[in-house]
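# Inside the fold
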Amino acid sequence: MMPNEDHVEITGLTQQDAEQRLHTYGYNELPSSQTRSIFKIALDVLREPMFLLLVAGGIIYLAVGDVEEALLLLTFVFVVMGITLYQERKTERALEALRDLSSPRALVIRGGREQRIAGREVVPDDVLILTEGDRVPADAVLLSANDLLVDESLLTGESVSVRKVPWDGTMELTRPGGEDLPFVYSGTLLVQGQGIARVLATGMHTEIGRIGKALRELEPENTPLQQKTGRLVSTLAVIALSLAILVIAAYGLTRHNWMNALLAGITLAMATIPEEIPVVLVVFLALGAWRISKSRVLTRRIPAVETLGSATVLCVDKTGTLTQNRMTVKRIFAGGEFYDVDYAQHELPEKFHEIIEFSILASEIQPFDPMERAFKELGDYYLAHTEHLHSDWTLAHEYSLSRELMALSHVWRSPNRDEYIIAAKGAPEAIADLCHFTKAQIQNLNERIGDMANRGLRILGVAEATFKGVEFPAEQHDFDFRCLGLIGLADPIRPTVPQALQECYHAGMRVVMITGDYPGTAQSIAREIGLQRVDEYITGMELADMDELELERRIETVNIFARVVPEQKLRIVSALKANGEIVAMTGDGVNDAPALKASNIGVAMGGRGTDVAREAASLVLLDDDFASIVRSVKLGRRIYDNIRKALAYIFAVHVPIIGMSLIPVLFDMPLVLLPVHIVFLELIIDPASSVVFEAEPEEADVMDRPPRDPKEPLFGSRLISISILQGISVLLIVLAVYRIALYLGHGETDTRALTFTTLIFANLALILTNRSWSRSILATLRSPNAALWWVVGGAVVFLSLVLYVPFLRSLFRFAPLHLNDLAISLAAGLASVLWFEALKLFSSRRTGRILER
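## Focus on the overall build of the protein chain
Scanning the protein chain from terminus to terminus reveals 31 helices and 22 strands. Within the span of the protein chain, comprising 853 residues, buried residues form 54% of the whole. Sequence separation of 24 or more characterises 71% of the internal contacts of the protein chain that already satisfy a separation of 6 or more.

## Considerations on the nonpolar core
Ranked by internal contacts, the top residues of the largest apolar core, which has 117 residues, are Leu314, Ile529, Leu531, Phe626, Tyr649, Ile684 and Ile767. Take this core: its biggest share by element is 22 residues, from helix α23 (residues 626–666). Those residues in contact with Tyr649 that lie beyond four places of it in its chain are Ile684, Ile685, Ala688, Ser689, Phe693, Asn763, Leu766, Ile767 and Asn770. Membership of the second largest hydrophobic core comes to 29 residues, among which are Tyr399, Ala465, Phe481 and Tyr518.

## A look at the pattern of salt bridges
Within the structure shown, the criterion is met by 27 salt bridges. Two residues, Glu464 and Arg482, come together in a salt bridge whose shortest N-O distance is 2.8 Å. Note that Glu464 is positioned in strand β15 (residues 458–467) and Arg482 in strand β16 (residues 482–490), a separation of 18 residues in sequence. Residue classification places Glu464 among the buried positions, given a relative accessible area of 13%. Overall, Arg482 belongs to the partly exposed group, its relative accessible area being 38%.

## Things to note about the sheet that holds strand β13 (residues 407–413)
Two modes of strand pairing occur in sheets, parallel and antiparallel, and in both the strands are linked by backbone hydrogen bonds. The seven strands lie next to each other as β11-β10-β16-β15-β14-β13-β12, forming an open sheet whose pairing is antiparallel. Each of the sheet's edge strands pairs with one partner strand only, and the pair in question is β11 (337–340) and β12 (394–399). The sheet shows a mean angle of 25 degrees between the axes of neighbouring strands, direction not considered. Inspection of the sheet shows β15 paired to β16 by seven bridges, in the antiparallel sense. Its bridge partner being in β16, Ala463 is matched across the sheet by Cys483. With respect to the sheet, helix α12 (residues 353–361) is in contact with β10 (328–334), β13, β14 (420–426), β15 and β16, its orientation differing from that of β16 by roughly 80 degrees. Packing against the sheet, helix α15 (residues 439–453) makes contact with β10, β11, β15 and β16, and its axis sits at approximately 15 degrees to β16.

## Comments concerning the sheet that holds strand β8 (residues 297–299)
The strand order across the open sheet built from eight strands is β8-β22-β21-β20-β9-β17-β19-β18, with neighbouring strands paired in mixed fashion. One side of each edge strand has no neighbouring strand; the edge strands of this open sheet are β8 and β18 (538–539). Pairing of β18 with strand β19 (residues 560–562) involves two bridges; the strand directions are parallel. Residue pairing in the sheet places Ile538 in a bridge with Phe561 of β19. Seen against the sheet, helix α20 (residues 569–578) touches β9 (313–317), β17 (510–514), β19 and β20 (583–587) and runs at an angle of roughly 170 degrees to β20.

## Remarks on the packing of α12 against helix α13 (residues 370–382)
Helix-helix packing is described using two parameters, namely the angle between the two axes and the distance between the axes. Following both chains from N to C, one finds α12 and α13 inclined at 135 degrees, their axes separated by 9 Å at the closest point. Relative to α13, the element α12 is oriented oblique. As α12 packs across α13, the resulting crossing turns out to be left-handed. Packed against α12, whose contacting residues are Ile356, Ser359 and Ile360, the element α13 presents Phe375, Lys376, Leu378 and Gly379 at the interface.

## Let's talk about unusual backbone geometry
At Arg533, a position not held by glycine, the phi torsion is positive, near 55 degrees. We note that Asp668 has phi near 55 degrees; this positive angle belongs to a residue other than glycine. For Asp668, a relative accessible area of 55% translates into the label exposed.

## Notes on the side chain of Ser414
Relative to the helices and strands, Ser414 is located in the loop between β13 and β14. Of note is the side chain of Ser414, whose polar atom sits 3.3 Å from the side chain of Trp393. In this structure, Ser414 is in contact with Trp393 and Ile421, ignoring residues within four places of it in sequence.

## Observations concerning the packing of aromatic side chains
Inspection of the entire model under this criterion finds 19 aromatic pairs. Connected via pairs of aromatic rings, a cluster forms that spans Tyr399, Tyr420, Phe467, Phe472, Phe479 and Phe481. A cation over a ring is seen here: Arg331 above Phe338, with NZ or CZ 4.1 Å from the ring centre. One Lys or Arg, Arg563, reaches over the ring of Tyr518 and ends 3.9 Å from the middle of that ring.

## What to know about α13
Its 13 residues give α13 an end-to-end C-alpha distance of 18 Å, which sits within 8% of 18 Å, the value for a rise of 1.5 Å per residue. Along α13, the positions that sit buried rather than exposed are Pro370, Met371, Glu372, Ala374, Phe375, Leu378, Gly379 and Tyr382. Buried-residue contacts for α13 involve β10, α12, β14, β15 and β16.

## With respect to the pairing of β9
Among the five residues that make up β9, five are buried, leaving the element largely enclosed by the rest of the structure. Residues of β9 alternate between two faces, with Val313, Cys315 and Asp317 on one and Leu314 and Val316 on the opposite face, all of them buried. Sheet topology places β9 next to β20; three bridges connect them, and they run parallel. The residue of β20 that forms the bridge with Leu314 is Ala584. Looking at chain direction, β9 and β17 are connected through five bridges and run parallel. Within β17, the residue paired with Leu314 across the bridge is Val511.

## Some details on the environment of Leu754
Inspection of the secondary structure assignment puts Leu754 in helix α26 (residues 748–770). Distance from Leu754 to Ile824, taken between C-alpha atoms, is 8.6 Å for residues 70 residues apart in sequence. Apart from residues lying up to four places away in sequence, Leu754 is in contact with Val737, Ala741, Leu817, Asp821 and Ser825.

## As for the confidence of the model for the protein chain
Residues with a pLDDT of 70 or more make up 81% of the protein chain, whose mean pLDDT is 82. Mean pLDDT values over the elements of the protein chain span from 61, in helix α4 (residues 67–102), up to 95, in α26. Segment residues 1–9: pLDDT under 50, and 19 contacts once partners within four positions in sequence are set aside and those in other chains are kept. Taken together, the stretch residues 214–221 has pLDDT below 50 and engages in 10 contacts with residues farther than four places along the chain or on a different chain.

## A short note on a nonpolar patch on the surface
Nonpolar side chains collect at one region of the surface, where Ile724, Leu725, Ile728, Leu732 and Trp835 lie side by side and expose about 430 Å² of accessible area between them. The element contributing the most residues to the nonpolar patch is helix α25 (residues 717–743), with four residues. Secondary-structure assignment places Leu732 in helix α25.

## What to know about the environment of Gly727
Tracing the chain through its elements places Gly727 in helix α25. Placed 70 residues apart in sequence, Gly727 and Ile657 show a C-alpha to C-alpha distance of 8.9 Å. Not counting residues up to four positions away in its chain, the partners in contact with Gly727 are Ala652, Val655 and Pro656.

## Examining the pairing of β15
Most of β15 sits inside the fold, with eight of its 10 residues counted as buried. The pairing of β14 with β15 spans seven bridges and is classified as antiparallel. The partner of Tyr420 across the bridge, within β15, is Phe467.

Basis of the calculations
- Numbering of residues begins from 1 in every chain and follows the order in which that chain's sequence is written.
- Per-residue local features of the predicted model are confined to residues with pLDDT of at least 70, and side-chain atom pairs are confined, for both listing and counting, to 80 or more; whole-chain, interface and lining totals are unaffected and use all residues.
- Only hydrogens and water are set aside; all other atoms, that is, all heavy atoms of the structure, feed into the side-chain values.
- Secondary structure elements follow DSSP: runs of H or I no shorter than four residues count as helices, runs of E no shorter than two count as strands, and numbering proceeds from the N terminus.
- Partly exposed residues are those whose accessible area sits between 20% and 50% of the maximum for their type, while under 20% is buried and over 50% is exposed, using a 1.4 Å probe and protein chains only.
- Should any heavy atoms of two residues lie within 4.5 Å, those residues are counted as being in contact.
- The criterion is simple. A nonpolar core is a set of buried Ala, Val, Leu, Ile, Met, Phe, Trp, Tyr and Cys residues joined through side-chain atoms within 4.5 Å.
- A carboxyl oxygen of Asp or Glu within 4 Å of a side-chain nitrogen of Lys or Arg is what we treat as a salt bridge.
- For two strands to be treated as a pair, DSSP must find no fewer than two bridges joining them.
- Note on method: axes are straight lines fitted to C-alpha atoms, helices fitted across the in-contact stretch only, with angles between N-to-C directions ranging 0 to 180 degrees.
- Working rule for angles: under 35 degrees goes down as roughly parallel, over 145 as roughly antiparallel, 65 to 115 as roughly perpendicular, anything else as oblique.
- By the definition used in this description, the sense in which the near helix is turned from the far one sets the handedness, with an anticlockwise turn below a right angle giving left-handed and a clockwise turn giving right-handed.
- By the criterion applied in these results, polar contacts are pairs of N or O atoms within 3.5 Å in which, for protein atoms, one can donate a hydrogen and the other can accept it, and in which residues neighboring in sequence qualify only through two side-chain atoms.
- In this analysis, rings of Phe, Tyr and Trp, with Trp reduced to its six-membered ring, are considered paired at centre separations within 6.5 Å, and the interplanar angle assigns stacked below 30 degrees, edge-to-face beyond 60, and tilted for intermediate values.
- Charge-over-ring contacts are defined here by two conditions on Lys NZ or Arg CZ: a distance within 6 Å of the ring centre and an angle within 35 degrees of the ring normal.
- Given a helix with a known number of residues, its expected span is that number minus one, times 1.5 Å.
- The predictor attaches a confidence to each residue, called pLDDT, with possible values from 0 through 100.
- Patch construction takes residues with relative accessible area above 30% that form no salt bridge. Like charges are linked within 9 Å, and nonpolar side chains (Val, Leu, Ile, Met, Phe, Trp, Tyr) are linked within 5 Å.
- Accessible surface is estimated by sampling points in the Shrake-Rupley manner with a 1.4 Å probe; for residues, cover comes only from the protein chains shown.

Here it is, written out as structure tokens:
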């Protein structure tokens, strides 16, 4: 498809046209592994060891003629499967939402207006605005291009970037890639310049889409965390199988009933395998990333959710992150005089007209940059009816910013003059360089810069020149520039930043400001937001002269880096990491990518950031707001806490279940637990460990404690030790109830009912006590958690049914309990966690939290 010349006007498609094309051509997506269907999830669930054991138990009951037990057990298979399917689908939906969010963004023109949309919503004939650092979202043809260089190595394998030119109306689409062609391709990277292009093909019809068809057959690999937990569960499964064989042998040899021996072995295997662990980690991290996205932060790499809680330093850009990136011109220096802009005054002194005129000429015709927008707004307000605005001038040539010279120039052709007019703007020192200032002139300029910087203004210099030649020089330096003066712009801070900054300090995190502005500007903003140690700073020039050891020493106390270029961010990150810090770094440009990748947590700007920066980062800040980073740290700490609480509960609850499955067999006592009882317990354990703890609100002190040690394992020896102690205390209490009931002459069904009821209440007590490691059960009851009450209420209702409905009671082999029996079971269940409640109280008085001591 080639662009239709009848539609070359830059109005783009209407929204209705775009929706029609989206319906016709589908989403702009490459083939990938398919989302799991409900049937695929169900099949995966049926392969789990727990369900295979349940089916085996049902078959054994059928073999011995106990049809009712078999049907009940097989019914439970579908109940537990339903719970698992619910959890899996919830996780899948969260991941789908994240995939939608993480789709590369595209800037399009629709209905004459610029819109930023998800890359997957780009359709044929859409008009794309392409800028340096973007990935091209679809195959397209260029309608205009300014110094456009594209990295096409993804398609061609050639590492050298190629120049692109606008379409002349004749060139046909050929093999992808090549110099001086008007075609750009999906997935390639714009390394320089700007352009406007019309989309030719999307999705499967792009060049990369044709290559990507093979991806459909690829299965995604498990994350390292999933692999680690998979190995843990496999190890425990081997242990469970070994114990089950031991129990089968012991039961069969001592009681000579091999069918019951098999049931006892299956029961122990079901009790031992903690299949909830991988489910918990997948559900928590996926839903955690989804929750964080609700705070306007996209998690591109799920393990970053875990890392957030350990960040010790946040390195943040000033402009757009701490400030609103909404510039307004506040002060002008021209003709030896300052002028403070006041929009209440309807006239601007004539002396300052020229500098505003050339600041607009040095900007884009349709500006995106906040500073350029500010110049245009000022010009529209004060110069609308003067000769200083030039809608009839033609842009003849551009000189871009470079690392060597932080200034750019636009060369214009006027219909009324026989010479070219050149407008330049940039860093004041770069403008001074272009104008070949003497030392005295530079000193005088620096005094004016200092005056404006101390007012917290961002400063740009403006210059003008004329040219009568035929061929433009290779460099801006070859023009004879005249300095017109300085423009100071203000960027108000975000109102949420001061409070968010204080939260960081309470949480033991240091904040480092990095800016390209002058030290005075940076210090003014730093004082306004409440940054610590504002008197010290390091400039980019000083940074360039430092060796690594000196930088590592100085960076321990300096929180402001001014006049820094993006390439120097990598040195800052490396120095902080060398000092043992866990670094989160923000960035938005192509040159920020190395620092984002090198940091422990790279945070890209979603609003103004390039695709390259987003791809290098772990997190994407959708609203570019510093407060969102702090909210993410808070959520990250909450997620990590809740994962550990769930794991603590899982380890604890399996100890009494294993104990009560094994001890009666080894000591020739009546069995307490059969497969049906294990399934009942799983109906509580599964939703509690995932849904209940995942929904648990954060601890009150979550942002009042230092960052956790990143070397601390997710389920370390301390957590496992405390969990096992919890489990042993429950086991001892339940075992005591069991032995006393037998000693008092209760029958097997009475004893089983009393013991199992105690185990259920102890299980619920474990859930309640592990909701918080610092607050008592009574205190946590005031924290909202709807899922908790569904689980607790469901457990109590179902326990009542199996105790007092004769049919169910006979299937569970229970006898009805009296009110005093229930009171004993409840008291015993609560007593099993009293020591842990006392430990919380003692620990909170001394050090705050049990697992952080």
